[in-house]
Amino acid sequence: MTGNDKASSPPTVADRSAAIEVDHLVKVYKQTRAVDDISFSLPRGSITGLLGGNGAGKTTTIAMIMGLVLPTSGRVQVLGHRMPEESAAVLGRMNFESPYVDMPMRLTVRQNLTIFGKLYAVKNLSDRIAELAEDLDLTEFVDRANGKLSAGQKTRVALAKALINQPELLLLDEPTASLDPDTADWVRGHMERYRKANNATILLASHNMLEVERLCDRVIIMKRGRVEDDDTPEAIMARYNRTTLEEVFLDVARGRVNGVKEGVR
Ligand SMILES: Nc1ncnc2c1ncn2[C@@H]1O[C@H](COP(=O)(O)OP(=O)(O)OP(=O)(O)O)[C@@H](O)[C@H]1O
């Protein structure tokens, strides 16, 4: 099923389940426990920030949610379907964006979006591409090769690719990493509007704490493969007695709560 005809079938039990259900998930690579027994459930329509320092396990978690990496143990359900066993039922209803994953450089923006749109069997594809080009301000360079775009333009194209199938679930890995503050703010506004208009669920891995404070109704903080904290941004800041997530992030990274070293809690 594509995003374009999602209203046509009656809701099933799977349709009423959480957008993402992660249950005692573990991923071990030889020596590394990249993800170490994490559990969480994300309701539909929610926007959650996945935080953590380099190597905390965020990308591995997202890759298991997408069914791209096999868990060592534990369970992932997406939109009511087990991943990766039932991925065929949900891949068309979700999408992913990361500025670190390149699209073919010699193809134009329109050609790239056409290929991805066909992969998702998007109906009225040329209209959808025109709509996205308008929404994301791509019109000026839609017929230019992807390799000839600036980093910020490429990021907007990557977002258009991620929205091509009007996904119910959007997984974003540092979506505004290479953008100037103005464009980043504009992209965030776009993501917020998209979520509201479509009751979409967003899971956002980010190192930008202001972005997470602005966008997310919930924050999951990972450290060394484990969930260190999981709550609203306000509750987390109150727990650490901090006024910004940036300060909380530093406390978690350095093993402090209220300035006190871990273990003394
Ligand atoms: N394919 C792999 N083979 C071996 N180890 C891996 C592999 N992928 C990830 N790891 C290791 O697993 C751990 C978690 O990595 P992951 O990429 O999930 O972290 P991250 O939180 O996304 O980090 P960053 O913020 O730097 O992107 C790291 O120690 C990493 O080196």
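Computed from a predicted model, the values in this text were never measured in an experiment.

A. Structural detail: helix H6 (residues 151–163). The terminal C-alpha atoms of H6, which comprises 13 residues, lie 19 Å apart, in line with the 18 Å expected from a rise of 1.5 Å per residue. Of all 13 residues that make up H6, 10 are buried, and the element is covered over most of its length. Among all positions of H6, only Gln153, Thr155, Arg156, Val157, Ala158, Leu159, Ala160, Lys161, Ala162 and Leu163 are buried. Next to the buried residues of H6 lie strand S6 (94–97), helix H4 (109–119), helix H5 (125–135), strand S7 (169–173) and helix H7 (181–198).

B. Expanded view of the site of the ligand. In the vicinity of the ligand, the residues found are Tyr29, Thr32, Ala34, Gly52, Asn54, Gly55, Ala56, Gly57, Lys58, Thr59 and Thr60. Mapped by element, the contributors of at least two residues to the shell around the ligand are strand S2 (32–42) and helix H2 (58–65). Take the shell around the ligand: its biggest share by element is 3 residues, from H2. Looking at the shell around the ligand residue by residue, the classes come out as 3 nonpolar, 7 polar and 1 charged.

C. Quick look at the UniProt feature "domain: ABC transporter" (unreviewed entry) in the protein chain. As recorded in UniProt, the feature "domain: ABC transporter" (unreviewed entry) lies at residues 20–249. Here residues 20–249 is 37% helix and 27% strand, with 24 Å between the C-alpha atoms at its ends.

D. Region of the structure containing the sheet that holds strand S4 (residues 73–78). With antiparallel pairing, the 4 strands of this open sheet are ordered in space as S2-S1-S4-S5. Taken across any chain shown, the strands that pair with only one partner, and hence form the sheet edges, are S2 and strand S5 (81–83). Averaged over all pairs of adjacent strands, the angle between strand axes in this sheet comes to 30°, irrespective of strand direction. Where strand S1 (residues 20–29) meets S2, 8 bridges bridge the pair, whose relative direction is antiparallel. Its bridge partner being in S2, Lys27 is matched across the sheet by Val35.

E. Summary view of the nonpolar core. Membership of the largest hydrophobic core comes to 66 residues, with the highest contact counts inside it found for Ile65, Val78, Ala160, Leu171 and Leu204. No other element matches the 6 residues that H6 contributes to this core.

F. A look at the packing of H4 against H6. At a closest axis distance of 9 Å, the pairing of H4 and H6 adopts a crossing angle of 25°. Put simply, H4 runs roughly parallel to H6. Crossing of H4 against H6: the hand is right-handed. Of the residues in H6, those in contact with Val109, Asn112, Leu113 and Phe116 of H4 are Val157, Ala160 and Lys161. For the contact of H4 with H6, a count of residues per class yields 5 nonpolar, 1 polar and 1 charged.

G. Molecular detail of the packing of H4 against H5. Where H4 contacts H5, the two axes come as close as 10 Å, and the packing angle between them is 125°. As summarised for this structure, H4 and H5 are arranged oblique, according to the angle between their axes. Handedness of the crossing formed by H4 with H5: right-handed. Contacts between H4 and H5 involve Arg110, Leu113, Thr114, Gly117 and Lys118 on the former and, on the latter, Leu125, Arg128 and Ile129.

H. Here's a closer look at the confidence of the model for the protein chain. Of all residues in the protein chain, 91% have pLDDT values of 70 or greater, and the mean over the chain is 89. The low-confidence segment residues 1–7, where pLDDT is below 50, has 17 contacts with residues more than four positions distant or belonging to other chains. The complex prediction reports pTM at 0.88, with the ipTM value standing at 0.97.

I. Summary view of the sheet that holds strand S9 (residues 218–223). One open sheet holds the 6 strands; their spatial order is S6-S7-S8-S3-S9-S10, and the pairing between them is mixed. Since the sheet does not close on itself, it has two edges, and those belong to S6 and strand S10 (226–231), each with one partner. Each neighbouring strand pair of the sheet contributes to a mean axis angle of 15°, computed without reference to strand direction. Direction of pairing for strand S3 (residues 47–51) relative to strand S8 (residues 201–205): parallel, over a ladder of 4 bridges. Looking at the pairing, Leu50 lines up with Ala205 of S8.

J. Looking closely at H5. When we look at burial in H5, the residues that qualify are Arg128, Ile129, Leu132 and Ala133. Looking straight down H5, one finds its buried side chains confined to an arc of 135°; they lie on one side. For H5, the exposed residues lying more than 90 degrees away from the buried face are Ser126, Asp127 and Glu134. On its buried face, H5 is in contact with H4 and H6. The first or second residue beyond H5 is Asp137, which carries a positive phi of 60°.

How each quantity is defined
- Residues numbered from 1 in each chain as written.
- Predicted model: local features only at pLDDT ≥ 70, side-chain atom pairs only at ≥ 80, totals over all residues.
- Helix = DSSP H or I, 4+ residues; strand = E, 2+ residues; numbered from the N terminus.
- Expected span 1.5 Å × (residues − 1).
- Buried ≥ 20, exposed ≤ 12 C-beta atoms within 10 Å, placed from the backbone.
- Contact = placed C-beta atoms within 7 Å.
- Near = placed C-beta within 6 Å.
- Nonpolar A, V, L, I, M, F, W, Y, C, P; charged D, E, K, R; others polar.
- UniProt positions renumbered as here; feature names shortened; annotations may be inferred.
- Pairing = 2+ DSSP bridges.
- Axes fitted to C-alpha atoms, helices over the stretch in contact; angles between N-to-C directions.
- Core = buried A, V, L, I, M, F, W, Y, C linked by C-beta atoms within 7 Å.
- Parallel < 35°, antiparallel > 145°, perpendicular 65-115°, else oblique.
- Left-handed = near helix turned anticlockwise from the far one by under 90°.
- pLDDT = per-residue confidence, 0-100.
- Arc of directions from axis to C-beta.

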